[in-house]
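# Tertiary structure, described
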Amino acid sequence: MGPEGRKRQQEAELAALSQDIEVSRERQLEIEREIASLDRDRETLNGKVIEAADTIKRTERQIADTERRLMTLGENEDAVRASLNGRRDVLAEVLAGLQRLGRRPPPAMAVRPDDALSAVRTAILLNAVMPGLQLETEALAADLSELSRLKDVISQEKNSLRGDAMRLAEEQSRLELLLSVKRRERERTAQNLQAEKERSAALAERAGSLKELIASLETEIESARRAAEESRQATRDSQEGLQPGEDPFEDPGRIAPAIPFGQLAGRLSLPVSGNQLRSFGQEDEFGSLTEGQSISSRVGSPVTSPADGWVVYAGPFRSYGQLLILNMGDGYHVLLAGMDRIDAELGQFVLAGEPVGMMGATKWASASAIDLGSSQPVLYVEFRKDGRAIDPAPWWESTEEEKARG
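Residues numbered from 1 in each chain as written. Predicted model: local features only at pLDDT ≥ 70, side-chain atom pairs only at ≥ 80, totals over all residues. Heavy atoms only, no water.

## Looking at the packing of aromatic side chains
Put simply, the test is: A pair of aromatic rings is counted whenever rings of Phe, Tyr or Trp (Trp by its six-membered ring) have centres within 6.5 Å, and the orientation is called stacked for planes under 30 degrees apart, edge-to-face for over 60 and tilted otherwise. Numbering goes from the N terminus for both helices and strands, where a helix is a DSSP run of H or I of at least four residues and a strand is a run of E of at least two. For every residue, the accessible area (1.4 Å probe, protein chains only) is compared with the maximum for its type, and the residue is labelled buried under 20%, exposed over 50%, or partly exposed between those bounds.
Within this structure, the stated rule accounts for nine aromatic pairs. Ring geometry for tryptophan 310 versus phenylalanine 349: centroids 4.9 Å apart, planes at 50 degrees, classification tilted. Taken together, the positions of tryptophan 310 in strand β4 (residues 309-316) and phenylalanine 349 in strand β8 (residues 349-350) put the pair 39 residues apart, joining distant regions of the chain. A relative accessible area of 2% means that tryptophan 310 is categorised as buried. Overall, the relative accessible area of 11% leaves phenylalanine 349 in the buried class. By way of ring pairs, the aromatic residues Phe261, Tyr332, Phe383, Trp395 and Trp396 are connected into one cluster.

What follows is the structure in structure tokens.
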């Protein structure tokens, strides 16, 4: 099997270890009882939902790190085995020579001059062979010891992966139950939103661009127009910002952003746990410059809002798949595309870290996410200021500085 085939085999083995893990019925009942006993007020629900989503993202990062370590360990194991195989012929030849010497030992030197010459030649041969044999034996022992060590480490890492995968499955179950509670709360107003959803879908069909879509939504859709006005009011009310050391995401009961979006540079968490495949301003295969970022994710990963904002559009849009547009205030909008499911409604105020959608198994081929060489689902993220796409990179906090929020 070649290196590529071995790599595909390892990836398949890792996928089998960390996917399709089901929560036991007993554990599922425990989680359901936990959710049922919760205080159903908005603040408590928001805090629990954000906490569960944050735990999922941390666990997904741990799983990804473990998978990378296992891939490296597998490559090291292959290298040790190749070393052992490469030394096999030399060892076999030396050992065969020693066996022949054992069957026909050299005679005593005092018998005949010819025997003495033969003994000298044998001694020369042994002197030549033995150092090499010793080196080969030491190398063989080192390889066997390393192979044994690698097997132990791989076993430990696989156990860690299984444990993280089980915790991930439990948190996903908890999050689904929490979101179902929030959905039931929203269903009371769903009938009122139906007409606006249909109107939004019609505007999306006619819109020639994302900029045009946003403008038409906030002009013609009541919930989007109200969300835009609330964002403007919140911007006016929060101009003073926070004191040094204060956390703008601390209060899960807030109904407006604590500080303007423009002051959050370097403080936002990525909406999914994954690897960036394409960044803002890169030239794509069509010769155009990308207007956002594309991030790979795991199948079924929750997508969270990067910051506080109001939903002005939630639904399919052209080749982007499910598209969510959030008005962040002060002329800023955040667009999230490529989700399999959206868990937010028109006009809803969502908190930073709150789940707003779910990734599926499909890699949506939007204009900015084509041919990225990823078999995983891809989330497209775009930031806009006053209708113009801007680079999201300065807004993200570094992975090392990400803190759990709840």
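Having seen it, we continue.
## Here we look at the side chain of serine 200
Selection criterion: Whether two residues are in contact is decided by their heavy atoms: any pair within 4.5 Å suffices.
Secondary-structure assignment places serine 200 in helix α4 (residues 113-206). For serine 200, a relative accessible area of 2% puts it in the buried group. Each residue touching serine 200, except ones within four places of it in the same chain, is listed here: Leu217, Ile221, Tyr313 and Leu346.

## Some points on the sheet that holds strand β3 (residues 302-304)
Threshold: The criterion for strand pairing is that DSSP finds at least two bridges linking the strands in question.
Pairing within the open sheet is antiparallel, and its three strands lie in the order β3-β9-β7. Each edge of the sheet is formed by a strand with only one pairing partner; in this case those strands are β3 and β7 (341-342).

## Regarding the environment of leucine 70
Following the sequence through the fold, leucine 70 ends up in helix α3 (residues 42-103). C-alpha of leucine 70 to C-alpha of glutamine 156: the two residues are 86 residues apart in sequence and 10.0 Å apart in space. With sequence-adjacent residues up to four places away left out, leucine 70 is seen in contact with Leu14, Ile154, Glu157, Lys158 and Leu161.

## Focus: unusual backbone geometry
Outside of glycine, negative phi angles account for most residues, and trans bonds account for most peptide bonds. Backbone geometry places aspartate 330, a non-glycine residue, at a positive phi of 60 degrees. As for its placement among the helices and strands, aspartate 330 is situated in the loop between β5 (322-329) and β6 (332-339). Despite not being glycine, aspartate 386 shows a phi value in the positive range, around 55 degrees.

## Some words on the pattern of salt bridges
Note the threshold: Any carboxyl oxygen of Asp or Glu within 4 Å of a side-chain nitrogen of Lys or Arg constitutes a salt bridge here.
One pass over the structure, following the stated rule, counts 18 salt bridges. Salt-bridge contacts for glutamate 77 lead to lysine 151; the nearest nitrogen and oxygen are separated by 3.5 Å. Here the residue glutamate 77 occupies a position in helix α3, and lysine 151 occupies one in helix α4, the gap between them amounting to 74 residues. Note on glutamate 77: relative accessible area 11%, which makes it buried. Exposure remark for lysine 151: the relative accessible area of 42% places this residue in the partly exposed category. Between lysine 197 and glutamate 345 there is a salt bridge whose closest N-O contact spans 3.1 Å. In this pair, lysine 197 is assigned in helix α4 and glutamate 345 in the loop between β7 and β8, connecting sequence segments 148 residues apart. Via salt bridges that share partners, Glu34, Glu171 and Arg174 belong to a single interconnected network.

## A look at the confidence of the model for the protein
The cut-off we apply is this: Per residue, pLDDT captures the predictor's confidence, and it can take any value from 0 to 100.
Residue-level pLDDT values for the protein average 78, and 75% of them are 70 or greater. Within the model, pLDDT remains below 50 along residues 109-113, and this stretch shows two contacts once partners closer than five positions in the same chain are excluded. This model gives residues 400-406 a pLDDT under 50, and the stretch forms 19 contacts once residues within four places in sequence are excluded.

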